[in-house]
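Fold and contact review
The chain contents come next:
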Amino acid sequence: MTREKDRRRDGRHGKRRRGEELMVEPAEFATYYDRPVLKPPSWRATDIAGYFFLGGLAGAGSVFAAGAQATGRCRTATGLKLTSLGAISLSTAALIHDLGRPGRFANMLRVFKPTSPMNMGSWLLSAYGPAAGVSAASAVTGLLPRVGTAATWGAAALGPLVATYTAVLAADTAVPAWHEGHRELPYVFAASAAAAASGAALLVGPPQETGPARSATVLAAAGELAALRAMRRRLGPTAETHRSGRAARFFQAAEALHATGAVLAATPAVRRRPVAALTGLALLTASACTRFAVFHSGVVSAEDPLYTIRPQRERLVREAEASSAQP
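We now turn to the structure provided with this report. (Residues numbered from 1 in each chain as written. Predicted model: local features only at pLDDT ≥ 70, side-chain atom pairs only at ≥ 80, totals over all residues. Heavy atoms only, no water.)

As for unusual backbone geometry
- One non-glycine residue, L144, adopts positive backbone phi at about 45°.
- On the secondary structure map, L144 appears in the loop between α5 (117-141) and α6 (145-171).
- Under the relative-accessibility criterion, L144 is labelled exposed at 59%. (Helix = DSSP H or I, 4+ residues; strand = E, 2+ residues; numbered from the N terminus. Buried < 20%, exposed > 50% of the residue type's maximum accessible area, 1.4 Å probe, protein only.)

Listed below in structure tokens is the structure:
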């Protein structure tokens with residue numbers, strides 16, 4: 001039985017054992033009329049990559065706002081609350097624009113389906129948006145401070161989910177560059193969101209209140225780089241989509257801007273308002289570039305059958321080897 005399994009495995013995949021000649025030509029990853037195996041995502045880059053970025057900025061911004069309020073950094077807290085409200089409003093608008101009709105978003109709230117990331121995301125936005133709105137309104141007007149405080153902590157509790165659920169949403173598709181990196185993609189989005197929130201804090205807060213944001217800048221940049229490297233190791237050959245075309249340019253821009261922001265944040269010059277604003281803009285742009293890079297790498301991986309067929313065949317080989325190794 002084991003020999004039969006070995007014979008079928010070697011015949012199907014052209015796998016050569018020691019001392020044997022390759023009897024099957026290497027596979028060519030072509031499809032009928034060279035059409036893609038998967039239908040490439042029809043999403044617009046501006047809508048969906050922008051949705052990814054703005055959701056991350058909003059969610060992480062609410063966490064930073066709660067921390068700033070708890071430590072007496074009131075101006076930074078107010079600025080971040082307004083930033084989060086604006087970001088989640090634009091994020092929801094981008095999603096609705098991509099869906100085509102506002103009614104489609106409302107229709108998602110007709111059911112509660114825990115197995116659907118899109119459905120859970122719709123409910124999450126519906127809960128987070130009002131909390132962020134009440135928090136910002138109370139901070140600006142000074143009315144109902146206890147309600148505002150409760151809303152601030154409610155938004156902060158939902159913030160990490162808002163910042164990362166879009167990674168789950170993308171990884172739940174069949175797009176190879178997203179699906180194969182499903183374990184690391186939420187960490188990439190979380191670190192990118194933290195970088196965006198740090199940049200927003202440097203941009204809207206007075207320099208004397210932004211010490212924690214400056215520290216978070218370095219941690220976020222290092223975390224994003226580590227998560228991307230781990231994801232590329234898991235992607236294997238599919239990581240080629242990160243090193244070519246638009247995705248490569250966006251990733252390169254993100255790395256350069258992260259490095260610039262981290263260096264500026266670590267210098268005494270960042271205590272001056274113009275330098276702090278420049279650092280914040282660099283970090284916000286770096287976070288946006290990461291989301292656009294991830295989006296474009298996914299589109300390329302869906303268009304080329306190489307990235308769909310090869311991972312499937314490699315999994316079959318590993319499964320065959322594992323089964324043949326069992327006694």
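Resuming the write-up.
Observations regarding the packing of aromatic side chains
- Scanning all chains against the criterion turns up five aromatic pairs.
- Each ring, one from Y51 and one from Y165, has its centre 6.4 Å from the other, and the planes form 80°; the classification is edge-to-face. Of this pair, Y51 sits in helix α2 (residues 45-70) while Y165 sits in helix α6, placing them 114 residues apart in sequence. Residues Y51 and Y165 agree in their burial class; the two are buried.
- Each member of the aromatic cluster is reached from another via a ring pair, and the members are Y51, F52, Y165 and F189.
- Sitting over the face of the ring of F251, R232 holds its NZ or CZ atom 4.8 Å from the ring centroid.
- The side chain of R291 reaches across the aromatic face of F189, ending 4.3 Å from its centre. (Phe/Tyr/Trp six-rings, centres within 6.5 Å; stacked < 30°, edge-to-face > 60°. Lys NZ or Arg CZ within 6 Å of the ring centre and 35° of its normal.)

Observations regarding the nonpolar core
- Membership of the largest hydrophobic core comes to 51 residues, with the highest contact counts inside it found for Y51, F53, L57, Y128, W178, L185 and F189.
- Sorting the residues of this core by element identifies α2, α3 (74-99), α5, α6, α7 (176-179), α8 (185-204), α9 (211-235) and α11 (273-303) as the ones contributing at least two each.
- If you tally residues by element for this core, the top one is α2, at nine residues.
- Excluding residues that lie within four positions of it along the chain, L57 makes contacts with T83, S84, A87, A196, A197, A200 and L284. (Core = buried A, V, L, I, M, F, W, Y, C linked by side-chain atoms within 4.5 Å. Contact = heavy atoms within 4.5 Å.)

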